[in-house]
Amino acid sequence: MKTSRKCPMWNGGANAANAANAEAQNAAATAAAASNQSAATASRRNIPELELTAVRYRHLKTGAEYLHIDREDENKVFSVGFATPPSDSTGVAHILEHVTLCGSQRYPVRDPFFKMLNRTMANFMNAFTACDFTMYPFATENWKDYEHLRDIYMDATFNPLLRRLDFLQEGWRLERADPTDASSPVEYKGVVFNEMKGALSDPGQLFYTRTQQLMYPNSPYAHVSGGDPAAITQLTYEALRAFHDKCYHPSNARFFSYGKIPLEAHLAAVDKKISQFERSQAIVVSGTYNAQEGTRREVIYGQQEGTSLLTDGPSSPMYRGLIDTGLGAEFPPNTGYNTSTRVGSFTLGLQGVRESEVEKVFASIREILHTVHKDGLDPNRVQATLHAMELGYKHKTANFGLQLAQAIYSGWCHGSDPIDLLEIEKNLNRLREELANGQPFRRLIEKYLLNSKNALECVMLPDPAYHEKLQTQERQCLEEVNKKLSTSERDCILEDEAALLAKQGEVEDHSCLPTLQLSDVAPQRPSTALNFTAAHGVPLQQRALSTNGISYVQLVSSLANLPPALLPYVPFYCEALTMVGTVTKDAAEFDDEIRRYTGGIGLVIRHSLYADVSRYELGVGLGTHALDKDVPRMYELLQELLQKVDFSRLDRVYTLLQGRTSALVQSVPDSGHVFARLAASSDLSPSQYVSNVWRGIAQVQHTQEMAAQTSMSDIADKLTTIHQHILRQSAIRVAVNAQPNAMAENQQQLDGLFAQLAPNTSAAPPATDAISTRIAYTIDAPTSFASAVYPTVPYIHPDSMPLQVLGSLMTNLFLHREIREKNGAYGGGASHVSTAGSFAFYSYRDPDALRSLDVFRESVDWALARKFTDELSEAKLSIFSSLDTPIGAAEEGMLYFKDRITDEMRQARRDILFRVGVDDIHRVCDTYLRQQAAKARYAVVCNTEQAPHDRTDWQVASMTP
Ligand SMILES: [Zn+2]
């Protein structure tokens, strides 16, 4: 039903953009005075395929834009965003995002998001700085909570304090290298300064950033929006404030809400906040571009199709021509159509290329494009891609509202109608029509790729001295600074240092922040009704629910009897299984079929603990989903995969292995804290040993060794042996999540599938190698990661929950301040990994990892001495919010299926959480962390300079080949 909304402050409709004049403002005032009679008709559209209605408004006084998405979803979302195109690489937009979160007029506490973690049931709170806009979104199921957070978000963005000391802490500052020596030379510090040093040390991100800068030389994209460390130190406090005044203004704001909310009351609250502002100029993202400007709407979907058609999967033309031929290992991260800039760009490329073959790569790309243009694209591939898109938007995820917000902000800031961007079916149908009438991609390839006058060819070569050069540059820069430093300037630095230290040590009053109470938390969560049966003797778990007509299938196969020597090969097996092809179809053909009829077949290494540290299950999980009409085809493909996979295609094995090695090695600088934790905990229990072998540095090293082998046949044999273990019927269990009317079909198909598999035997668990209790892995990156891990208790143990609360208290009240605010690391914390039975500390992108290990130990004494009061219920609230995080249709019942964690176990932990007292916290801290300190294990991932070479209690291993 189309109704007009009674909303006097907000106007909707096509002419809303003209509301910039005085008459409109007068009209608004009149409307406000007589709100019941005058109703502005909003621009409103129903989008059935996403089961939502979108409504657009414009704020009459300030011109602020508003989009509400009405949908039957309890997980409500709010976001405020601004166009923030940068005019230099000082990272002003990014630093502003950080400083904005250091306190506002109504909520003058630093890091209100962080402080709110303990007072809210939000399942998402964050802020993002993109290349030309900044957004602040959150999601929660609780309406009271929603109102609290909305007020905090709006006060933070429109009325932040933007104090100078916060700028020094979050942005950059000069500080003495040795704080005890008054004449010590100064050096650069600051959260964003370190964050960006880390971010740009990732080769993929560096390539992405530099390519974009080169592509759009006379535009905001010529700059690094996050900040280039060398330029960050040019930013002044005054420039930061000016940028805020210009960009964070209602006239430049885009508000977004999603879910079931009382809209009128909500809009009135937003109006009340922004009506204090006079109208100002909205920011238009502009500049001259290298890329051609096409009709934007047409290009978005057309070229996104082009993206996957040209590069997705082993049957794509670019994969065959560039990767199968051995020219390189994988596509670079900026591959495909990028719509984040105002004028899009399309990137084709390759990484892991030998320098002598760079020209050949460019020539091959051109040749492939010519061939595709001449011969057209395989119609099967086109159908498969259209099918994947349909399945993609029907797939019900837990944070659907956030996904929508993230999908539209960029186009919205560039002037598109955000509702147009949501109309997927309409765009897909247009594409189907064009396809029926000819080859639309031919035209796109010709116009935008073959005949583009603005194409850019970009090559990034490795430089072994790269990080050293950057460090030398910084050192020279600092020498210059130190030389020129006058006595009065030095005094200022000393003053700032003292002031910052004093501020960081201040005990803040957080009572201005609103909070939910434990009484707002539901004592019980609804349980998940599961049905247990069997398919040809294989245990089958069924969960009937509404899924938009999709059937989800999960198989787990136990690896308990796998010879230990084969363990390190399992992750590669999981990656290769669906990618090598079968005895009747090559990899490309088989992949096309998978794409055409399913949402993909994914394998993961399973590593369950049965809620008990001493018992654990090693296994492989295989998951897929399909539209209900395609269920028979999905099982046909599964059967073909399981019975006919062909690892003797050695060329494929080799190609896949090169790609995996490159990706793994590159992942270390970004996830060093995870690698450090896995390495540290490796000898605490057999299951954690396997974690390191499968996901940790041991896996990176093993994969590098495999890739260096000259013959692949030995590896192929090992993969085949693993596969035979997977196939044993008695090792398998299966779960189906589907609509009630699709269960019978799934059951029948599974009966048929399992009738073919062999029985099972059992054997011994893997042996563990002892590793040093203190180990440092050196990598080629400027920042470091630290971890300390203590053995504790399993998930179902009564102490497991108090340990989790302890981790939360330590993180929020101690480690965040010491590691992030004082030491300048990007992050740090502690948590009880209840499924692993260990308590782990970590630091992330840390300038001094060894110092953080001391901080971890200090936190134990701190916790034992602290009398937690309100803080305890706050910590509990934050844990309840993580326990109550919504999940998607495919995940319901999976905690039991995969880890054997029952609703009763979860409820028992929930009951304990309500009861946990200060005594429990002190007791578990004393028992597991203080008394058992000798059992702790330590690991750091750092650069060679920081490694503890001279400490005999440390083992140092290099990760650089
Ligand atoms: Zn940041």
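Since the structure is predicted, the reported quantities are computational estimates derived from the model, not experimental observations. (Residues numbered from 1 in each chain as written. Predicted model: local features only at pLDDT ≥ 70, side-chain atom pairs only at ≥ 80, totals over all residues. Heavy atoms only, no water.)

Quick one: what's the story with the overall build of the protein, residue by residue and with numbers?
A tally of helices and strands in the protein yields 35 helices and 25 strands. Taking the principal axes of its C-alpha atoms as reference, the protein extends roughly 75 × 75 × 65 Å. By sequence separation, contacts in the protein at least 24 residues apart represent 81% of the contacts at least 6 residues apart. Here the protein contributes 93 positive and 113 negative side-chain charges, whose respective centroids are spaced 3 Å apart. (Helix = DSSP H or I, 4+ residues; strand = E, 2+ residues; numbered from the N terminus. Contact = heavy atoms within 4.5 Å. Lys, Arg positive; Asp, Glu negative; His and termini not counted. Charge placed at Lys NZ, Arg CZ, Asp CG, Glu CD.)

For the nonpolar core, give the residues involved together with the corresponding values.
The nonpolar side chains of soluble globular proteins are, as a tendency, buried together. Membership of the largest hydrophobic core comes to 113 residues, with the highest contact counts inside it found for F256, Y573 and F754. In terms of residues, this core owes the most to one element, helix α15 (residues 400-413), which gives eight residues. Filtering out sequence-adjacent residues up to four positions away, F754 remains in contact with A535, H536, V538, L555, Q729, I732 and V734. (Core = buried A, V, L, I, M, F, W, Y, C linked by side-chain atoms within 4.5 Å. Buried < 20%, exposed > 50% of the residue type's maximum accessible area, 1.4 Å probe, protein only.)

Explain the coordination of the zinc ion to me, using residue names and the numbers behind them.
On the protein side, the zinc ion has H94 (NE2), H98 (NE2), E195 (OE) and E195 (OE) as donor atoms, found 2.1 to 2.6 Å from it. One can describe the donor arrangement at the zinc ion as irregular, given that its four donor atoms subtend angles of 54 to 151° at the metal. Between consecutive donor residues of the zinc ion, the sequence gaps follow H-x3-H-x96-E. You can see H94 sitting in helix α2 (residues 92-100) and its partner E195 sitting in helix α6 (residues 191-199), a full 101 residues away along the chain. Both residues of the pair, H94 and E195, belong to the buried class. (Donors = N, O, S within 2.8 Å, 3.2 Å for Na, K, Ca; no water. Tetrahedral: all angles 85-135°; square planar, octahedral: opposite > 155°, others 65-115°.)

So what's going on with the packing of helix α30 (residues 800-822) against helix α31 (residues 849-865)? Residues and values would help.
Between α30 and α31, whose axes approach to 10 Å, the crossing angle comes to 130°. Taken as axis vectors, α30 and α31 run oblique relative to one another. Between α30 and α31 lies a crossing whose hand is right-handed. Contact residues: α30 offers L806, L809, M810, L813, F814, L815, E818 and I819, while α31 offers S852, V855, F856, E858, S859, V860, W862 and A863. When its residues are assigned to classes, the contact of α30 with α31 shows twelve nonpolar, two polar and two charged. (Axes fitted to C-alpha atoms, helices over the stretch in contact; angles between N-to-C directions. Parallel < 35°, antiparallel > 145°, perpendicular 65-115°, else oblique. Left-handed = near helix turned anticlockwise from the far one by under 90°. Nonpolar A, V, L, I, M, F, W, Y, C, P; charged D, E, K, R; others polar.)

Any details on helix α4 (residues 143-158)? Residues and values, ideally.
Along an α-helix, residues three or four positions apart point the same way, because every turn accommodates 3.6 residues. Helix length check: α4 (16 residues) gives 22 Å between terminal C-alpha atoms against 22 Å at 1.5 Å per residue, within 8%. Burial analysis of α4 places twelve of its 16 residues in the buried class, the great majority of the element. Among the residues of α4, D145, Y146, H148, L149, R150, I152, Y153, M154, D155, A156, T157 and F158 are the ones counted as buried. A distance of 2.9 Å separates the backbone nitrogen of K144 from a side-chain oxygen at the start of α4, and that oxygen is part of N142. (Expected span 1.5 Å × (residues − 1). Polar contact = N/O pair within 3.5 Å; in protein donor to acceptor, adjacent residues only side chain to side chain.)

So what's going on with the sheet that holds strand β22 (residues 827-833)? Residues and values would help.
Within the open sheet, the six strands sit side by side as β22-β23-β21-β24-β20-β25. Their pairing is mixed. Strands at the two margins of the open sheet, each flanked by one partner only, are β22 and β25 (955-958). Each strand of the sheet is rotated relative to its neighbour by a mean of 15°, with strand direction disregarded. Of the strand pairs in this sheet, strand β21 (residues 784-791) and strand β23 (residues 838-846) are connected by seven bridges, and their pairing is antiparallel. By the bridge assignment for β23, Y790 is matched with F839. Packing of helix α25 (residues 672-681) onto the sheet brings it into contact with β20 (774-778), β21, β22, β23 and β24 (937-942), and relative to β21 it is tilted by some 35°. (Pairing = 2+ DSSP bridges.)

Describe the domain arrangement of the protein, with residues and values.
Per the domain assignment, the segments of the protein are domain 1 (1-61), domain 2 (296-450), domain 3 (531-671 + 681-754) and domain 4 (774-958). If you average the C-alpha positions of domain 3 and of domain 4, the two centres end up 30 Å apart. Contact with domain 3, which involves 30 residues of that partner, is made by 33 residues of domain 4. At the junction of domain 3 and domain 4, the tally comes to three salt bridges. Measuring nitrogen to oxygen at the nearest pair gives 2.9 Å for the salt bridge that ties R937 to D683. (Domains from an automatic or database assignment. Salt bridge = Lys/Arg side-chain N within 4 Å of Asp/Glu carboxyl O.)

A description of the pairing of β21 should follow, citing residues and the corresponding values.
Summarising burial for β21: eight of the eight residues are buried, a large majority. Residues S784, A786, A788 and Y790 line one face of β21 and the alternating positions F785, S787, V789 and P791 line the opposite face, and both faces are buried. Bridge analysis of β21 against β24 gives five bridges, and the strand direction is antiparallel. If you follow F785 over to β24, its bridge partner there is V941.

Please set out the environment of L678 residue by residue, giving values where relevant.
The topology assignment puts L678 in helix α25. Placed 179 residues apart in sequence, L678 and A499 show a C-alpha to C-alpha distance of 38 Å. Those residues within four positions of L678 in sequence are excluded, and the remaining contacts are S691, N692, R695 and G696.

Can you explain the pattern of salt bridges? Please cite residues and give values.
All told, the structure shown has 61 salt bridges when counted by the stated rule. Among the salt bridges present, the one from K61 reaches E278, with a minimum N-O distance of 3.4 Å. With K61 in the loop between β3 (52-59) and β4 (65-71) and E278 in the loop between α10 (263-274) and α11 (296-311), the pair connects residues that are 217 residues apart, well separated along the chain. With a relative accessible area of 23%, K61 lands in the partly exposed category. Taking the relative accessible area as the measure of exposure, E278 reaches 54% and is therefore exposed. Between R163 and D166 there is a salt bridge, with the nearest N and O atoms lying 2.9 Å from each other.

Lay out the confidence of the model for the protein with the relevant residues and their values.
For the protein, per-residue confidence averages 84 on the pLDDT scale, and residues scoring 70 or more make up 90% of the total. Note that pLDDT drops below 50 for residues 1-7; the model gives that stretch 14 contacts with residues more than four away or on any other chain. (pLDDT = per-residue confidence, 0-100.)

Describe the side chain of S184, and please don't skip the residues or the numbers.
Position of S184 relative to the elements: it lies in the loop between β9 (173-176) and β10 (186-189). Note on S184: relative accessible area 2%, which makes it buried. Among the polar contacts made by the side chain of S184, one reaches the main-chain amide nitrogen of D178 at a distance of 2.9 Å. Leaving out residues up to four positions away in the same chain, S184 has contacts with R176, A177, D178 and R490.

Can you lay out the side chain of T811 for me, pointing to particular residues and giving the numbers?
Positionally, T811 belongs in helix α30. A relative accessible area of 12% means that T811 is categorised as buried.

Go over the environment of D271 with me, naming the residues and quoting the values.
Mapped onto the elements, D271 comes out in helix α10. The class for D271 is buried, based on a relative accessible area of 8%. In this structure, the C-alpha to C-alpha distance between D271 and R442, residues 171 residues apart in sequence, is 49 Å.

Outline the state of the cysteines, supporting the account with residue identities and numerical values.
Taken as a whole, this structure holds zero disulfides when the rule is applied. No disulfide involves C413; its nearest neighbouring cysteine sulfur is the one of C131, lying 10 Å away. (Disulfide = S-S within 2.5 Å.)

Just give me the short version of the packing of aromatic side chains, but keep the residues and values in it.
Taken as a whole and judged by the stated rule, the model has 31 aromatic pairs. Their ring planes at 15° and their centres at 6.0 Å tell us that F133 and Y409 sit as a pair that is stacked. A residue pair is termed long-range when its members are at least 10 positions apart, and F133 in strand β8 (residues 133-140) and Y409 in helix α15 qualify at 276 residues. Taken as a pair, F133 and Y409 share a single burial class, namely buried. Judged by centre distance (5.1 Å) and plane angle (20°), the ring pair of F841 and F856 falls under stacked. (Phe/Tyr/Trp six-rings, centres within 6.5 Å; stacked < 30°, edge-to-face > 60°.)

Outline unusual backbone geometry, listing residues and values.
Look at L162: it is not a glycine, yet its phi comes out positive at around 45°. Look at H536: it is not a glycine, yet its phi comes out positive at around 50°. Along the polypeptide, H536 turns up in the loop between β14 (531-535) and β15 (538-544).

So what's going on with the environment of E474? Which residues, and what values?
Inspection of the secondary structure assignment puts E474 in helix α19 (residues 466-484). The residues touching E474, leaving out its near neighbours within four places in the chain, are Y188, F193 and K197. A polar contact of 2.9 Å, which involves the side chain of E474, links it to the side chain of K197.

Help me get a handle on the packing of α2 against α6, residues and values and all.
Between two packed helices, the angle of one axis relative to the other and the distance separating the axes together describe the packing. Following both chains from N to C, one finds α2 and α6 inclined at 130°, their axes separated by 10 Å at the closest point. Classified by the angle between their axes, α2 and α6 sit oblique to one another. The two elements α2 and α6 meet at a crossing, and its hand is right-handed. Judged by residue contacts, H94, I95 and H98 of α2 engage V191, V192, E195 and M196 from α6. Tallied by class, residues from the contact of α2 with α6 come to four nonpolar, two polar and one charged.

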